[in-house]
Amino acid sequence: METIIIEGGHPLYGRVQISGAKNAALPILAATLLAPGTHTIHNVPDLRDTRTMLRLLETLGARHSRKGTTVRVDTTNLTGAEAPYDLVKTMRASVLVLGPLLARAGYARVSLPGGCAIGARPINYHLRGFNGLGVTTHLTSGYVEARCEKQEKLVGATIYFDLPTVTGTENLLMASVMASGTTVIKNAAREPEVGNLIDMLNGMGAEIEGRDTDRLTVHGVDRLKPATITIIPDRIETGTYLIAVAATGGEVRIENCRPDHLPALTEKLRAAGITVEEEENAFVVSCAEQRADNQCRLRGVDVKTLVYPGFPTDLQAQFMALMIQAEGTSIIHETIFENRFMHVAELQRLGADITIDGSSAIVRGRPLEELCGAPVMATDLRASASLVIAGLAARGTTEISRIYHLERGYENMDEKLRALGAVISRGTSSVV
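About the cut-offs
- Residues numbered from 1 in each chain as written.
- Predicted model: local features only at pLDDT ≥ 70, side-chain atom pairs only at ≥ 80, totals over all residues.
- Heavy atoms only, no water.
- Pairing = 2+ DSSP bridges.
- Helix = DSSP H or I, 4+ residues; strand = E, 2+ residues; numbered from the N terminus.
- Axes fitted to C-alpha atoms, helices over the stretch in contact; angles between N-to-C directions.
- Contact = heavy atoms within 4.5 Å.
- Disulfide = S-S within 2.5 Å.
- Buried < 20%, exposed > 50% of the residue type's maximum accessible area, 1.4 Å probe, protein only.
- Polar contact = N/O pair within 3.5 Å; in protein donor to acceptor, adjacent residues only side chain to side chain.
- Core = buried A, V, L, I, M, F, W, Y, C linked by side-chain atoms within 4.5 Å.
- Salt bridge = Lys/Arg side-chain N within 4 Å of Asp/Glu carboxyl O.
- pLDDT = per-residue confidence, 0-100.
- Phe/Tyr/Trp six-rings, centres within 6.5 Å; stacked < 30°, edge-to-face > 60°.
- Lys NZ or Arg CZ within 6 Å of the ring centre and 35° of its normal.

## Topic: the sheet that holds strand β15 (residues 250-255)
What the four strands build is an open sheet, ordered β2-β15-β17-β16; its pairing is mixed. Each edge of the sheet is formed by a strand with only one pairing partner; in this case those strands are β2 (12-17) and β16 (274-278). Going across the sheet, the axis of each strand differs from the next one's by a mean of 10°, ignoring polarity. Bridge analysis of β2 against β15 gives six bridges, and the strand direction is parallel. Pairing of Q17 across the sheet is with E255, part of β15. Lying over the sheet, helix α8 (residues 235-248) contacts β2, β15, β16 and β17 (282-287), oriented at roughly 170° with respect to β15. Each of β16 and β17 touches helix α9 (residues 263-272); the most contacted strand, β16, lies at about 145° to it.

Spelled out as structure tokens, the structure:
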């Protein structure tokens, strides 16, 4: 089993390029199922999850090729409508093929999704929305079977989400673009990744109104055509590097990103004592005040995760890894997932002082000399990134096992950090 080995205590300097957003690429790849022909998608990150989605498209009859960051997907001849357990168990976003398959074929059979163990994340909102569009759904042997009641196509409807759901919004958008009549999705997710998908769908000939709002109106069309789209930069990867520089000191220019996609994080970093300069497609991050050891002087800041444009739950673990060295106490309140503090036990192995109280974590910052490297184990995608950040800041050597979690969402993270001056390498371990 591969590991990442980090020698902490080295500030980061230089420039880093942000890759395309995993959470935008996955629904856009799924959307290629809607229209026969060859779709061209630029800025696609090469990750475990994007490779899994492409394998899933293959099982459905699609063909694909990659040249650099450009992926072409030919969905002319679909041969199946089933997403098997072997693929879906490793990536929850596999459920995103439900909507496109229903729209194009009127039937889909998809295994219940897997992915990171950070909460229940049921797909009941998806299924209720499909029911509203005239789809019957059944759960059989761990699979969702969905079929149009009227064989020809789905029927437009008004759908209300009790809570905004990103994948639910995306699935219902893709299902409704060729439904008869008009579909209105209320309390829709407003994340930038949803907007990127809407751009793709409208480029295919869909008629969707309300981009970047919580009310989306979809006027059904008879057919769609292949499209060309560019994946937006990954705001979670961007945020992870912002936090890594804050944790280690130094100065880094983060390029090919969208500062306007991270309004909450940048304000929290500034409140913590970090200088964050914004340009059109770049950040420059550095210490506002340095301590005697040249590390950033950090202040404890409270954080509450919220749906976009609030503080992203996907940056909660990374921000906690920053707060373990801040002066004072910070309270991190998780409102999106009920089981997203699995990284706490691993951070404690490095010396972090963290107490969990229900859906909140109380973090009492400690001096860096009291945070020491240790063997730790990644439990999910974003938790693995938090361990990298903590390892970069702690004194001594940290070895992170189960790094396959990291590879699901970060492209060449160790190489990018090494180019910034981090002492980081790959190793092996018997831990599985």
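Right, picking up where we left off after that structure.
## Some points on the state of the cysteines
A full pass over the atoms with the stated rule returns one disulfide. The disulfide partner of C287 is C296, and the S-S distance across this bridge is 1.8 Å. On the sign convention where negative means left-handed, the S-S torsion of about -70° between C287 and C296 marks this disulfide as left-handed. When its relative accessible area of 15% is taken as the criterion, C287 is described as buried. Looking at the unpaired C257, the closest cysteine sulfur is the one in C296, lying at 18 Å. By relative accessible area, which is 1% here, C257 ends up buried.

## What to know about the side chain of T248
Structurally, the position occupied by T248 is in helix α8. With relative accessibility at 2%, the residue T248 sits in the buried group. Within the structure, the side chain of T248 is placed 3.0 Å from the backbone oxygen of A244, a separation counted as a polar contact. The residues contacting T248, other than those within four sequence positions of it, are H10, P11, L12, Q295, L392 and A393.

## Some points on the nonpolar core
Counting residues in each nonpolar core, the largest one holds 75 residues, and the members touching the most others are L34, V97, L173, V177, L201 and L224. Look past the residues within four positions of L224 in its chain and what remains in contact with it is L34, A35, V177, M178, M204, G205 and A206. Listed in part, the 71 residues of the second largest apolar core include I274, C287, L368 and L392.

## Some remarks on the pattern of salt bridges
For the structure on display, the rule yields 29 salt bridges. Across the salt bridge formed by D353 and R364, the nearest N and O atoms sit 3.9 Å from each other. With D353 in strand β20 (residues 353-357) and R364 in strand β21 (residues 360-364), the pair connects residues that are 11 residues apart, well separated along the chain. Take D353: its relative accessible area is 31%, and that puts it in the partly exposed class. Using a relative accessible area of 34% as the deciding quantity, one classes R364 as partly exposed. Because the salt bridges share partners, they merge into one network encompassing E2, R48, E407, D414, R418 and R426.

## Quick notes on the sheet that holds strand β6 (residues 82-83)
Sheet architecture is open: four strands sit in the order β6-β7-β9-β8, paired in mixed fashion. The open sheet terminates on both sides in strands that have one partner only, identified here as β6 and β8 (135-140). The sheet contact formed by β6 and strand β7 (residues 107-111) spans two bridges and is parallel. Across the sheet, residue A83 finds its bridge partner in β7, namely V110. The sheet strands contacting helix α4 (residues 98-105) are β7, β8 and β9 (143-148), and the helix crosses β7 at an angle near 160°.

## Observations concerning the environment of I332
With respect to the secondary-structure elements, I332 resides in strand β19 (residues 329-333). Between the C-alpha atom of I332 and that of A374, which follows or precedes it by 42 residues, the distance is 24 Å.

## Concerning the side chain of H261
The residue H261 is located in the loop between β15 and α9 in this model. A relative accessible area of 8% places H261 in the buried class.

## Some points on the confidence of the model for the protein
Model confidence for the protein is summarised by a mean pLDDT of 94, while 96% of its residues fall at 70 or above. Across residues 115-121 the pLDDT falls below 50, and counting only partners more than four positions away or on other chains, this stretch makes 23 contacts in the model.

## Some words on the packing of aromatic side chains
Overall, the coordinates contain two aromatic pairs when judged by the stated rule. Aromatic side chains Y125 and F161 sit 6.2 Å apart centroid to centroid with 45° between the ring planes, which places their arrangement in the tilted category. Taken together, the positions of Y125 in helix α5 (residues 124-132) and F161 in the loop between β10 (158-160) and α6 (166-176) put the pair 36 residues apart, joining distant regions of the chain. A residue is classified by how much of its surface remains accessible, and Y125, at 18% relative accessible area, is buried. Seen from their ring centres, F311 and F319 are 5.5 Å apart, and the 75° between their planes marks the pair as edge-to-face. Under the relative-accessibility criterion, F319 is labelled buried at 0%. Between R109 and the ring centre of Y143, over which it is positioned, the NZ or CZ distance is 3.9 Å.

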